[in-house]
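# Structural overview for review
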Amino acid sequence: MKDKNGTEDIQKLVQEAQAGDSMSVTRLYELFSDRIFRYLILRVSHRETAEDLTQTVFLEMIRSLSRYKKQKDVKFTTWLFQIARYRLIDHYRRSKTVLPIDELADSHPELQVEPEEVNVDPYYLKIKNVLHKLSEQQQNIIYLSYYEDMLPGEIAEITGLSAITVRVEKHRALTKIRNILSKEHLSL
Amino acid sequence: MKKRISQDEAERFIRKASFPNMDPVAKERTKQVLLSAHVNVTNTFDQRCIKQRGIFNYLFSNPMAPIIIALVMILSGAGTVLASDGAKPGDILYPLDKAMEQTRLNFTISDQAKAEFMLKVVEERQRERTELESEQKNNLFEESDKETNQALEHAQEVLSEVRVRQEEQNNERAREAIEEVGDKLNELQERHQERIQIEEQNELQNQEQNREQNVEDDVDEDNSDDSIDSSNANRSMDQDRNMNRNMNQNQNINSDMNQNGQVSEGDDSEDDSTSNVNSSDEESNDNSGDDQDGGEEDGSGGSQDDEEEVQN
C-alpha cells in the first residue's frame with residue numbers, strides 16, 4: 001500500500017533535488033505520487049481532478065524545495081502532505097460548484113460527483129462512502145493515521161491542529177464509523 | 001438486532017481497503033511536466049540569484065551564508081585587533097591597542113603573568129617612542145612620553161597589588177619572579193627618566209643657543225638702524241638750515257619795513273625780540289637733536305646773516 005523508503009534515503013534525495021538533480025526529483029515523484037494521489041482522490045472523488053491536483057502538488061514541491069529545511073521533527077513526507085492539503089483547500093475555494101465532500105454528502109447528495117471507477121476494490125467504495133460521512137478534519141485524520149501510518153504529532157503538523165485534538169478527533173471519528181457500520185450492517 | 005462493532009473491527013475495516021493508484025499514463029505525463037518545470041525552476045532560480053538579485057541575495061539564500069558571514073566577521077575583527085597591535089600614538093587603532101591590552105590584563109589570572117604582562121606593556125610604550133623617533137614625528141613625542149609615564153605608573157600599581165597578594169599567600173617563587181619583574185621595571189623607569197632629563201637639557205641648550213643667536217641678530221639690527229638714523233638726521237639738518245635761512249630773510253624784510261614806515265619802537269622791539277626768541281628757540285631745538293658741527297655751522301650761518309644785515 002505504501003511506498004516504504006528509508007528516511008535517510010528520502011533526505012538524501014531531497015538534498016540532491018535541492019542541489020538541482022532532476023533524477024532525484026523524478027525519484028521523489030515516483031515514491032510519493034501514488035500516496036498523494038490516494039489522499040486526494042479520497043477527497044475529490046474524481047480521478048482526473050485528483051491527477052491534476054497531484055501534478056499541482058509536485059510542481060509546488062519543485063518550486064518550494066529550496067525553502068524546505070529539515071527541521072527538528074518536520075519530515076519531508078509531512079511537508080509534502082501539508083502542500084497537498086493546502087492545494088486541496090485552494091481547489092475547494094476555486095471550484096465553487098464542487099463543494100467539499102462532507103458538505104456534499106450531508107446536504108447535497110444529488111450533486112455528489114461519482115468518479116468513473118474501473119477495476120476498483122469494492123471494499124474501497126464501501127470505505128469511501130463511510131469516510132465521506134465524516135467531517136473533513138476527521139477524514140484527514142483517519143486517512144493519515146490508518147493509510148499513512150502517521151503519528152498524531154505528524155498529523156497535527158499537516159492539519160494545523162494540536163496532537164491532543166488529533167487524538168480526540170480520531171477517537172470521535174472511529175466511534176462514528178463504528179456507529180455507521182453498526183447501523184448499515186456492513187459486512188467486515 | 002443491531003450488531004455492535006468494536007473499535008478493533010472498525011480499524012480492521014478501514015485498513016482492509018486498497019485505494020486506487022494513479023493511472024500510469026497520467027503518471028508518466030505528469031513526470032515529464034515536472035521534469036521540464038524543474039529545469040525551468042532551477043534556471044530561473046540561478047538567474048534570479050546571480051543576475052537579478054545579486055550576490056548578497058544569493059549569499060543569503062545559501063544555507064552556508066551564516067557560517068560565511070560569521071567567518072568574515074571573525075577574521076576581519078581578528079585582523080583589526082592584530083593590526084592594532086603595532087599601533088603608535090597618533091594612529092587610529094592606538095586606542096584599540098590600549099583597550100586590548102587592558103582586556104588581556106583583565107583576562108590574565110596568574111599574578112606572575114600579570115606582572116610580566118605589565119612589563120611587556122611598558123616595553124611596548126618605549127618601543128613606540130623609538131619608532132616615533134625613527135619616523136621623526138616630533139609632535140608626538142610628548143604624547144608618547146605621557147603614555148609611557150602612565151604605563152609605568154599602572155605597572156607599578158599592578159606590581160604592588162600583586163606583590164602584596166603573593167606575600168599574603170607566602171608564595172615565595174611567585175614573589176621572587178615578581179621582584180625580578182619589578183627590578184626590570186625600575187630599570188626601564190630609570191632609563192625613561194634619564195632620557196627625559198637628557199632631552200630637557202638638550203632643549204635648554206637649544207633655547208640658550210637660540211637666545212644668543214637672537215641677541216646677536218638684535219645687535220646687527222641696531223647697527224643697521226643707527227646708520228639709517230644718521231642719514232635721516234643729516235636730511236633733517238639740511239631742512240633746518242633752509243628754514244633758518246627763510247626766517248632770517250623774513251626778519252630782514254620786517255626790519256626794512258620798520259625803518260621805512262617808522263612804526264612805534266616798543267611794538268617793533270617786542271616783535272623783534274619775540275622773533276629773535278622764536279628763532280633762537282627754534283635753533284636751540286634744532287641743534288639739540290643734531291650734531292655739534294651742525295650747530296656751529298648754524299652759528300656761522302647766523303654771523304654771515306648779521307654781516308649781510310649790516311651791509312644792507
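Up top you'll find the structure we're talking about.
Here the residue numbering is sequential within each chain, running from 1 through the sequence in written order. Here the convention is simple: chains get letters from A, ligands get numbers from 1, in the order in which they are written. Per-residue local features of the predicted model are confined to residues with pLDDT of at least 70, and side-chain atom pairs are confined, for both listing and counting, to 80 or more; whole-chain, interface and lining totals are unaffected and use all residues. Where side-chain values are given, they derive from all heavy atoms of the structure, hydrogens and water being excluded.

As a further point, take the overall build of chain B. Going along the chain from the N terminus, every DSSP run of H or I of four or more residues is numbered as a helix, and every run of E of two or more is numbered as a strand. Of the regular secondary structure elements, chain B holds ten helices and zero strands. Reading the helices (α) and strands (β) of chain B from amino to carboxyl end gives α-α-α-α-α-α-α-α-α-α. Looking at chain B residue by residue over its 312 residues, the buried ones come to 24%. Taking as baseline every contact in chain B between residues at least 6 positions apart, the subset at least 24 positions apart corresponds to 62%. Put simply, chain B shows about 21,700 Å² of open surface, and 48% of that area lies on carbon and sulfur atoms. Classification of residues uses two cut-offs on accessible area relative to the type maximum, computed with a 1.4 Å probe and protein chains only: under 20% is buried, over 50% is exposed, and between them is partly exposed. In this analysis, two residues are considered to be in contact whenever any of their non-hydrogen atoms come within 4.5 Å of each other. Computed by Shrake-Rupley with a 1.4 Å probe, the accessible areas treat only the displayed protein chains as cover when residues are assessed.

All names here are of chain A. Interaxial angles span 0 to 180 degrees and are taken between N-to-C directions of axes, which are lines fitted to C-alpha atoms, for helices over the stretch in contact. Two numbers describe how helix α8 (residues 152-159) lies on helix α9 (residues 163-184): the axes approach to 8 Å, and their chain directions differ by 100°. What the angle tells us is that α8 and α9 run roughly perpendicular. In contact with Pro-152, Gly-153, Ile-155, Ala-156 and Thr-159 of α8, α9 contributes Ala-163, Val-166 and Arg-167. Class assignment for the residues of the contact of α8 with α9 results in five nonpolar, two polar and one charged. An angle below 35 degrees is read as roughly parallel, one above 145 as roughly antiparallel, one from 65 to 115 as roughly perpendicular, and any other as oblique. Residues are grouped as follows: Ala, Val, Leu, Ile, Met, Phe, Trp, Tyr, Cys and Pro are nonpolar; Asp, Glu, Lys and Arg are charged; all remaining types, including Gly, are polar.

On to the nonpolar core. Taken as a class, soluble globular proteins show a tendency for nonpolar side chains to be buried jointly. In terms of nonpolar packing, the biggest core is built from 64 residues, with A:Phe76, A:Leu80, A:Ile142 and A:Ile177 touching the most fellow members. In terms of residues, this core owes the most to one element, helix α2 (residues 22-44) of chain A, which gives twelve residues. Excluding anything up to four places from it in sequence, A:Ile142 contacts A:Leu131, A:Leu134, A:Tyr147, A:Lys170, A:Ala173, A:Leu174, A:Ile177 and B:Ile14. Grouped together as the second largest cluster of nonpolar side chains are 17 residues, B:Met118, B:Leu119, B:Leu159 and B:Leu188 included. Definition used in this section: a nonpolar core is a set of buried Ala, Val, Leu, Ile, Met, Phe, Trp, Tyr and Cys residues joined via side-chain atoms within 4.5 Å.

Next up on the list: the interface of chain A and chain B. In this complex, chain A contributes 49 residues to the contact, which on the side of chain B involves 35 residues. Roughly 3,900 Å² is buried in total at the junction of chain A and chain B, and carbon and sulfur atoms are behind 68% of that figure. Two residues, A:Glu30 and B:Lys31, come together in a salt bridge whose shortest N-O distance is 2.8 Å. Pairs of N or O atoms are called polar contacts if they sit within 3.5 Å, as long as, within protein, a hydrogen donor faces a hydrogen acceptor (for residues adjacent in sequence, only side-chain-to-side-chain pairs). Inspection of the chain A/chain B interface yields ten residue pairs in polar contact (both at pLDDT 80 or more). Two parts placed together each lose some accessible area under a 1.4 Å probe, and adding up what both lose gives the buried area. The salt bridge definition used is simple: a Lys or Arg side-chain nitrogen within 4 Å of an Asp or Glu carboxyl oxygen.

Let's shift gears to the packing of α2(A) against helix α3 (residues 47-64) of chain A. Residues and elements named next belong to chain A. Where α2 contacts α3, the two axes come as close as 8 Å, and the packing angle between them is 135°. By the angle class used here, α2 and α3 are oblique. Our pair here, α2 against α3, has a crossing hand that is right-handed. Contact residues: Val-25, Leu-28, Tyr-29, Phe-32, Ser-33, Ile-36, Phe-37, Leu-40, Ile-41 and Val-44 in α2; Arg-47, Thr-49, Ala-50, Glu-51, Leu-53, Thr-54, Val-57, Phe-58, Met-61 and Ile-62 in α3. Working rule for handedness: look at the near helix, and if it is turned counterclockwise from the far one by less than a right angle, call the crossing left-handed; if clockwise, right-handed.

Moving on, we come to the pattern of salt bridges. Residue and element names in this part refer to chain B. All chains considered together, the criterion is met by 28 salt bridges over all chains. Here Arg-191 ties to Glu-187 by a salt bridge, and the two come within 3.3 Å at their closest N and O atoms. Taken together, the residues span about one helical turn, with Arg-191 and Glu-187 both in helix α8 (residues 172-261) at a distance of four residues. Residues participating in the shared-partner salt-bridge network are Lys-88, Glu-124, Arg-127, Glu-131, Glu-135 and Lys-137.

To estimate the expected span of a helix, count its residues, drop one, and scale the result by 1.5 Å. The terminal C-alpha atoms of α3(A), which comprises 18 residues, lie 25 Å apart, in line with the 26 Å expected from a rise of 1.5 Å per residue. Along α3(A), the residues that are buried comprise A:Ala50, A:Glu51, A:Leu53, A:Thr54, A:Val57, A:Phe58, A:Leu59, A:Met61, A:Ile62 and A:Ser64.

This next bit is on the packing of aromatic side chains. All names here are of chain A. We call Phe, Tyr and Trp rings a pair once their centres come within 6.5 Å, taking the six-membered ring for Trp, and we label the pair stacked below 30 degrees between planes, edge-to-face above 60, and tilted otherwise. Under the counting rule described, the total for this entry stands at eight aromatic pairs over all chains. A centroid spacing of 5.4 Å and a plane angle of 80° characterise the contact between Tyr-39 and Phe-81, whose relative ring orientation is edge-to-face. You can see Tyr-39 sitting in helix α2 and its partner Phe-81 sitting in helix α4 (residues 76-94), a full 42 residues away along the chain. By relative accessible area, Tyr-39 is classed as buried at 1%. Here Phe-81 falls in the buried class, since its relative accessible area comes to 0%. Every member of this aromatic cluster is reached through a ring pair, and the members are Phe-32, Tyr-68, Phe-76 and Trp-79.

Any link to function would need more than the numbers given here.
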